[in-house]
Each structure stands twice: as C-alpha cells, then as structure tokens.
Amino acid sequence: METQVKVDLTSFRMETRKWLEDNCPESMREKLTDPNQVYWGGRKAEFSNKDQKVWFEKMLEKKWIVPYWESKYGGGGLSLEQNNVLNQEMGRLGCRKPHINFGITMLGPAMLKFASEEQKLHYLPQISEAKIRWVQGYSEPNAGSDLANLQTKAEDKGDHFLVTGSKVWTSFGDKGDWIFCLVRTDSSSKHKGVSFLLIDMASEGVTTRPIKLISGNSPFTETFFDSVKVPKENLVGTLNEGWTIAKYLLTHERQMIGGIGDTDKKEYLRDEAIKVLGKNNDILSDTILRSKIAELEMNQEIFDLTIQRTMDEHKAGNSSGAASSFFKYYGTELSIQSEELRLSVNGFNASEWTSKESNNGLQARYFCRTKGHSIEGGTHEVQLNIIAKRILGLPSK
Amino acid sequence: MALIINEEQQMLKTSTKEFLDLKSPLSSLRDLRDNSYKTHDKDLWMEMVEMGWTALTVPEKYNGLNFGYVGLGQVLEEMGRKLTLSPIVSTVLLSSTLISFSKNEILKAKLFQEIMNGSKLVSLAHEEGVHHNPNMLNSLLSNKGEGYVLNGSKNFVIDGSVSDYIIVSSIDESGLNTMLALVDSKSDGISFNNKVHMDSRTYSDISFNNVKVEKSHLLSQGDDGDFILNKTFDIARVGLAAEMLGSIQEAFEMTMSYLKEREQFGVKIGSFQALQHRSAIMFGEIELCKSIVLKALQAIDSDDSNLAKLASLAKAKLGMTFKLVSNEAVQMHGGIGVTDDADVGFFLKRARVIQRTLGDSNYHLDRVAKMNNY
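Residues numbered from 1 in each chain as written. Chains lettered and ligands numbered in written order. Predicted model: local features only at pLDDT ≥ 70, side-chain atom pairs only at ≥ 80, totals over all residues.

Comments concerning the overall build of chain A
Counting its secondary structure elements, chain A contains 11 helices and 10 strands. The C-alpha radius of gyration of chain A comes to 22 Å, within 12% of the 21 Å expected for a compact globule of 397 residues. Its C-alpha atoms put chain A at 75 × 50 × 50 Å along the principal axes. Here the contacts in chain A between residues at least 6 apart in sequence split such that 71% fall between residues at least 24 apart. (Helix = DSSP H or I, 4+ residues; strand = E, 2+ residues; numbered from the N terminus. Rg over C-alpha atoms; globule rule 2.2 N^0.38 Å. Contact = placed C-beta atoms within 7 Å.)

If you want it as structure tokens, here you go:
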C-alpha cells in the first residue's frame, strides 16, 4: 500500500517536472524583484507581459492556481503530498507562482473552515480563477497590536448591515475588488462582539487613500466606510463570533509573511558577497562579515528544515510542533537580518535610491520594507507574547 | 525521508526515559562527583548493556541490533537530559563507530563482541592541541618489520582513565597516511595524567613512549585511516548534538517550571514580559535544534553525502543554543542558580565542555563556510 503511494507520487513528480519544463516560460523562472511582477488578478487586472499571461493561462487550465482545493471549488484536487511535490518541482525550476491573492492564502482557509457550503461554492471558484482580488480589513487607527479593540461598526438594518468606520494598513487596498473585514456588531463585549464580513469595494461609500512608507512606495492604504450597505448574506460564520475566524486567519497570514511554501529559487547571500568582496586565500576577504553570513545561512537552512519537520509531524497526525507565531517571528527575523547584511555586502551601492543602475533603489527600498515585517501581522513582541502564554504556559499577572 | 521518528524509535526513546528516570536521575551525577569524581556507575553501565545500548548501531552480521543512529540519538538525548555519566560516548559513539568502518574483520568482530557484552571499554585518543583539530597529527607509528612502535602524546581523551583499550590516531613514517591502532591501556610505555573538568567528567592526557603495536591491531588499512577518522568524527558530532538537545530541553523546562512557581513583588516571576520574551526566543531556538539533530541523525543512517555539512550545522547550532539556554537558565534562577545546591549549574558546566568537544561552534561555522566555497 505504502509502496504503491510512493510509486504514484514518483510518477506524479516525473509528469509534473516534464509539464513544468514544457510550459513554464523562461522569464517566469527568474527571481521576483518586485511584487508587481506577479499576476494579482481581479476585475482591474492586466498582464504586465505576454509570458505572464501564458504562464497564468497554462496553470489555470491545469487548475493549479490553487492546486490543493477540491475541484468543486475550482481547485486541482491534489493531495497534500502531491501539492508538496508540485511546490518542490516549481522550486527546483524557480517557477514563479502564476497568481498571488490574499483570497488564496488568507480568506480561502478561513472560508473552508467557517463559511456555509453556499458561500464556499460562490466565492472560492472566483478566487481559484483569479476573478476577484481580495484585500484584508483588520487593523484600525486604534486597533493595531490590540486588534480586538476595533471600532468599525456594522449596524443591523433588517435586510442589510450599515458599515461605518475606517481601516488602516490595507495591503493593496487601492487595487482590491472585495475586502474581508472585522466589524463590531456588539459594543458590550470586546472579543464576543466582532463579526467577519465580506464587502464589495465597489459599494457606495467605500474609499481608499494610499499610505507612503519609508521605502517611498505605497503598498498600503487607509480604507474608509461611510454608511456602506452590505447584504446580510455576506456575513461569514456566526454573528459576534468573528474573533475565532480572525485568529484562525491570522495564523495563515503569519505563515505567508514567514515565507512558508515559497517556490522562489534560493539565492545565497554568500554568492553575492563573493562576487562583490572577493576572496583572500580562498576565504571571503571580509572575515567578520563571513562569520555573520555563515551564522545567518546556518539559521536559514535549519529554519527550512523546521518548516519541513512541522509539516511532516502534521501529516503524521502530530501537530504539537511550533506554532505559526514562531514561524512568523523567526521567518521575518531572518529576512530582516539578511537585508541588513546585504547592505554591508554591497557597500556604497546599497544605499542608491533613484539611479538606473540600482533599478530605482531596489535594494535600499526593500531593506526599508523589511522593517515592516516585524510589525505587520502582529509585531515581534506580540508573537513572543503568544508563544510565552499559549505554548510555554507562562502566567499572566 | 519524513523528518519524524518512527514508532520503534519512539518506543526506544520512551523506554530509555523511563529507565533513566528511575536509575539515573540528575542526583546521580552529584553523587558520583561527590564520590571522588567517579567516572560512572559500573552496575548501571551493565544494565545499559543489557538494554542493548552498546549493540544499537552494530550490524546484524556481527550480532548487533542494527537499529541505527537515529535510535542511538534518542538514547543520547535522554541521557543528556539527566547528564548521565556513562562510557557510551567513548565506547559506543566514538569507538564502536570507528570500528564499524575498519576492514580488519578479525579485530572488528572481536571488539564488537567485547563492546556489546560490556566486557571492555574503549576510548579514542586523537587530540594533540588546545582546540579540536582533525589534521594535527604528530604521533608517529613506526614500522619495525614484525610490528609497529607508537610514540606521541594525546590529550582530552574521554574516559581514558577507565578504558581497557585506546584507539590511537597517528601518522606513518611517510607522513602521508593516518594510522589507527588499538592499544591495550596496560601496555608498557603508556602513562596517564587524568584530569577532572568543569563537567565533573575525567579526561586523560596520555603519552606513548615506544609502545609496541601488533600488526593485527591496526584498524586502518592502507590509506583508509583518514576517511575512517573523519567519518567517525562527523557521526560523533551528531551524537553529541543529540545529547546536547536533551540537556538543552531539560535545562529549559526546569527554568520554565521555576518561572511558574517563584514569586517576587507578589506575582509569579514568569508573568514578567522581560522573562517571557527571552523564554519565547529560546523556545524557537530549541525548535530549530530538534530539526537539525534529526536531519543529521537520519543522514548517518541513509549514508547521505551531505553528512559532513549537516554534522557541522548540528554541532554549531546546538553549541550556540546550549550556551544561550544554560546562561539564561542560571540567570532566570537568580541567586539560587549560582549555588551548588541547585542542579541548573550542572548544565552550564556541561555546556562549556561538550560545546568544545569535537569542535566548537566557531570551528564548525568556519567548516561550513569552507564547504560552501567562501
């Protein structure tokens, strides 16, 4: 039995490898240098080049936009093992994801667990066909780390909710079609008065305003709701029980930010360092930097093994391993340290902000962007609080 | 291969834990230390032998259990939790492993049998300097026709003071080949200077002055000595990492318990965020440790060509984490942490010795960087 599964998996791997080699355009195997190089889909979507379109359409035809969802939801129906093989093979060639959408990485898992069958059949296929670009409405001006303090109000008006308030840190809010929102439906209880609502951003009264970051870019917006009418059937789960969904979804967001399941080709800082700094007697010429790179790369390699171990434990029915808070904390910490070291490696060139040679300050701007990694999706400090309390069982005051 | 242990390995781990809970609590280390630094409890060792721990990694062909290094790793991890004093590192992890690569079939069969039945203890004598160095070899094995003569000095020989045999690394007269010779510890020309270290364990300086070695007592043949020695070191580094993993977890858990019971300012000290965040960071580091140790143990059993790199990653990571956790364990225990009455100090003192055994974190990070061509 077990042998048969292995044989099937091996032939699946061979077929997948060949199919990817035949169908993934060369330019779609290059490392991403900008999130805009990915096809994000949605109503306003445009392909940035022909290869991107070809790659997306090939994968769509194969139902591999969300390969592991059931086919009735527009997925490819792959098993967890097959999906891992697909990820590994995509990683081997360096294939980019054909489409990225918060509907896949965040909303989808929450819908699968908490939505009605009718809602799943309505919303999930739109996600797996990239028709709707989803954004997230969680944080508010006074509800950041203390998320449950959110105040955006949804009043029951019989056949609809009337939503009033504002959200902040909406990733790509100006480009979204629909937003999944945490709203307050009962002000008498902090956690027990939150509901999970889906809102069409084309509705009257929804506006966004970009937030300019230290990187000079504006990947986030503020999102305003001015008496927006939202149909009752857009409520996911039970009224006032949205906090449970919110937390569940956050675990998926943390894994996404931590880089779990990325298929990008590995690029090593050491190779960049050798190129820029050169060697002395076969040793990187800056020996202090060398030891820092060696330590970082050790942790990167062992962190990857830890993701693998946790998935293997999960498959074996034992999920006692590390929690998503740990992955979010450690994964982002590694990317922050890596960009900090990359600045050291590239010296004067690293800080260029507008030159053509620096690709409009790609490195410097990305370094600035990583400073947000330890904040968004719950700060480092919030993650460490969660580990201390939930995993280690350390007492509250 | 899935990065989990199988049911049989889990059973071995559980039975080891139950056995050690009963027979070798942390207080055993204190008792042996206070009894003139005894190296180990001989009766307990014979019970370990009966449990099959000396046969775990020996192939079936030599009547061993062929259970593999993932299995031995579980035993070492549990022993690390109790800081158990036993000859398992010297006799099994180092010597039996080295013997397993020898082509001297007659000697191999004899030694495996003597190790498995507990009648002999064996140490490996290699180091000649202040730091671990596989390549520093000045001890000389001279060919005298009918046999050999060994001259040189070794230090930091684990359990050297109680072993029946010493496996000694040396070079031949050409200076090209690493030679591995088995020497009886009672031979003429051997002298021991036994030294107790911070971890209450005894390590020997041994000098060899015209010690006679029979041809049949060579474990290396031709030019295979270098390969055997380095392969042995890599496997033993992983084994030490497994032992450290147990010690790290025990020290961490002791500390978490203390944070939940000790009160100051009218609250449990574990409610302080300054301690919670440092605890959570340690938790994460320990998760990483578990992954690399298991990966490296599996690499031994599957004869993975990446073993050398994985062994260095394991030894480097566990060394750094044991340092972090043992320091924090003492600090978080406060005043009691620096008293001899508290057990937590034993972990600090063990950390500083095992960290350096077979190469410290600096050595191994440097080695990994060289393997990656920089």
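Having put the structure on the table, let's press on.
A look at the overall build of chain B
The helix and strand tally for chain B stands at 11 helices and 9 strands. Expressed along its principal axes, the backbone C-alpha trace of chain B runs to roughly 80 × 45 × 40 Å. Within chain B, contacts between residues at least 6 apart in sequence are counted, and of these 74% link residues at least 24 apart.

Points about the interface of chain B and chain A
Counting from both sides, the interface comprises 31 residues of chain B and, opposite them, 36 residues of chain A. At the level of secondary structure, the elements contributing two or more residues to the side of chain B that touches chain A comprise helix H7 (225-261), strand E9 (267-268), helix H8 (273-301), helix H9 (307-332) and helix H11 (361-371) of chain B. If you tally residues by element for the side of chain B that touches chain A, the top one is H8 of chain B, at 13 residues.

Some thoughts on the nonpolar core
Ranked by internal contacts, the top residues of the largest apolar core, which has 129 residues, are Ile167, Ala181, Ala241, Val293, Ala296 and Ala314 of chain B. Ranked by residue count, the leading element in this core is H7 of chain B, at 17 residues. When near neighbours in sequence (up to four residues on either side) are disregarded, Ala314 of chain B contacts Arg237, Val238, Ala241, Ile292, Val293 and Ala296 of chain B. Ala130, Trp134, Val194 and Leu250 of chain A belong to the second largest nonpolar core, which has 55 residues in total. (Core = buried A, V, L, I, M, F, W, Y, C linked by C-beta atoms within 7 Å. Buried ≥ 20, exposed ≤ 12 C-beta atoms within 10 Å, placed from the backbone.)

Some points on the pairing of strand E2 (residues 140-143) of chain B
The two faces of the sheet receive side chains in turn, since in a regular strand these alternate between them. Residues and elements named next belong to chain B. Here E2 pairs with strand E3 (residues 147-158) via 4 bridges, running antiparallel. Its bridge partner being in E3, Asn143 is matched across the sheet by Tyr148. Between E2 and E3, which pair antiparallel and follow one another directly, the connecting turn spans 3 residues, one of which, Gly145, has a positive phi of 85°. (Pairing = 2+ DSSP bridges.)

Side note on the environment of Lys186 of chain B
Structurally, Lys186 of chain B can be placed in the loop between strand E5 (178-184) and strand E6 (190-196). Judged by the 8 C-beta atoms lying within 10 Å of it, Lys186 of chain B is exposed.

Comments concerning helix H5 (residues 88-100) of chain B
All names here are of chain B. With 13 residues, H5 should reach 18 Å at 1.5 Å per residue; the first-to-last C-alpha distance of 15 Å falls well below that figure. Of all 13 residues that make up H5, 12 are buried, and the element is covered over most of its length. Those residues of H5 not exposed but buried are Ile88, Val89, Ser90, Thr91, Val92, Leu93, Leu94, Ser95, Ser96, Thr97, Leu98 and Ile99. (Expected span 1.5 Å × (residues − 1).)

Quick look at the domain arrangement of chain A
Split into domains, chain A comes out as domain 1 (2-100), domain 2 (134-241) and domain 3 (262-391). Using only C-alpha atoms to locate each centre, domain 1 of chain A and domain 2 of chain A end up separated by 32 Å. (Domains from an automatic or database assignment.)

Considerations on the packing of helix H8 (residues 287-315) of chain A against H9 of chain B
Contact geometry for H8 of chain A and H9 of chain B: axes closest at 11 Å, N-to-C directions at 105°. Looking at the two axes, H8 of chain A sits roughly perpendicular to H9 of chain B. Residues Met298, Glu301 and Ile302 of chain A of H8 of chain A lie in contact with H9 of chain B, whose contacting residues are Leu313, Ala316 and Lys317 of chain B. By residue class, the composition of the contact of H8 of chain A with H9 of chain B is 4 nonpolar, no polar and 2 charged. (Axes fitted to C-alpha atoms, helices over the stretch in contact; angles between N-to-C directions. Parallel < 35°, antiparallel > 145°, perpendicular 65-115°, else oblique. Nonpolar A, V, L, I, M, F, W, Y, C, P; charged D, E, K, R; others polar.)

Examining the environment of Lys295 of chain B
Counting through the fold element by element, Lys295 of chain B comes out in helix H8. For Lys295 of chain B, a count of 23 C-beta atoms within 10 Å corresponds to the buried category. Residues Lys295 of chain B and Met1 of chain B, 294 residues apart in the sequence, show an inter-C-alpha distance of 9.2 Å. For Lys295 of chain B, the contacting residues outside a window of four places in its chain are Leu305 of chain A together with Leu3 and Leu310 of chain B.

Thoughts on the packing of H5 of chain B against H7 of chain B
Residues and elements named next belong to chain B. Across the interface, H5 lies against H7 with an axial gap of 9 Å and an inter-helix angle of 145°. The element H5 and its partner H7 pack so that their crossing is right-handed. Contact residues: Leu93, Leu94, Thr97 and Leu98 in H5; Ile228, Thr232, Ile235, Ala236 and Gly239 in H7. Each residue belonging to the contact of H5 with H7 can be placed in one class, and the counts come to 6 nonpolar, 3 polar and no charged. (Left-handed = near helix turned anticlockwise from the far one by under 90°.)

Things to note about unusual backbone geometry
Its identity as a non-glycine residue notwithstanding, Ser227 of chain A has a phi of 50°, on the positive side. Inspection of the secondary structure assignment puts Ser227 of chain A in strand E7 (residues 220-231).

Here's the deal with the environment of Asn101 of chain A
Residues and elements named next belong to chain A. Checked against the element boundaries, Asn101 lands in the loop between helix H3 (80-93) and helix H4 (102-114). As a C-alpha pair, Asn101 and Gln363 span 262 residues in sequence and 24 Å in three-dimensional space. Beyond its immediate stretch of four places on either side in the chain, Asn101 contacts Trp40, Gly41, Ile127, Ala130, Arg133 and Trp134.

A look at the pairing of strand E2 (residues 153-156) of chain A
Here 4 bridges tie E2 of chain A to strand E3 (residues 160-171) of chain A, and the two strands are oriented antiparallel to one another. Directly across from Ala154 of chain A, in E3 of chain A, lies its bridge partner Val163 of chain A.

Examining helix H1 (residues 7-23) of chain B
Residues and elements named next belong to chain B. Across its 17 residues, H1 extends 24 Å between first and last C-alpha, which sits within 8% of the 24 Å expected from 1.5 Å per residue. Residues of H1 that are buried include every one of Leu12, Thr16 and Leu20, and no others. Taken down its axis, H1 places every buried residue within 60° of arc, on the same side. Set apart from the buried face of H1 by more than 90 degrees, the exposed residues are Glu7, Gln10, Thr14, Glu18, Asp21 and Leu22. Tucked into the core, H1 has its buried residues touching helix H4 (69-82). (Arc of directions from axis to C-beta.)

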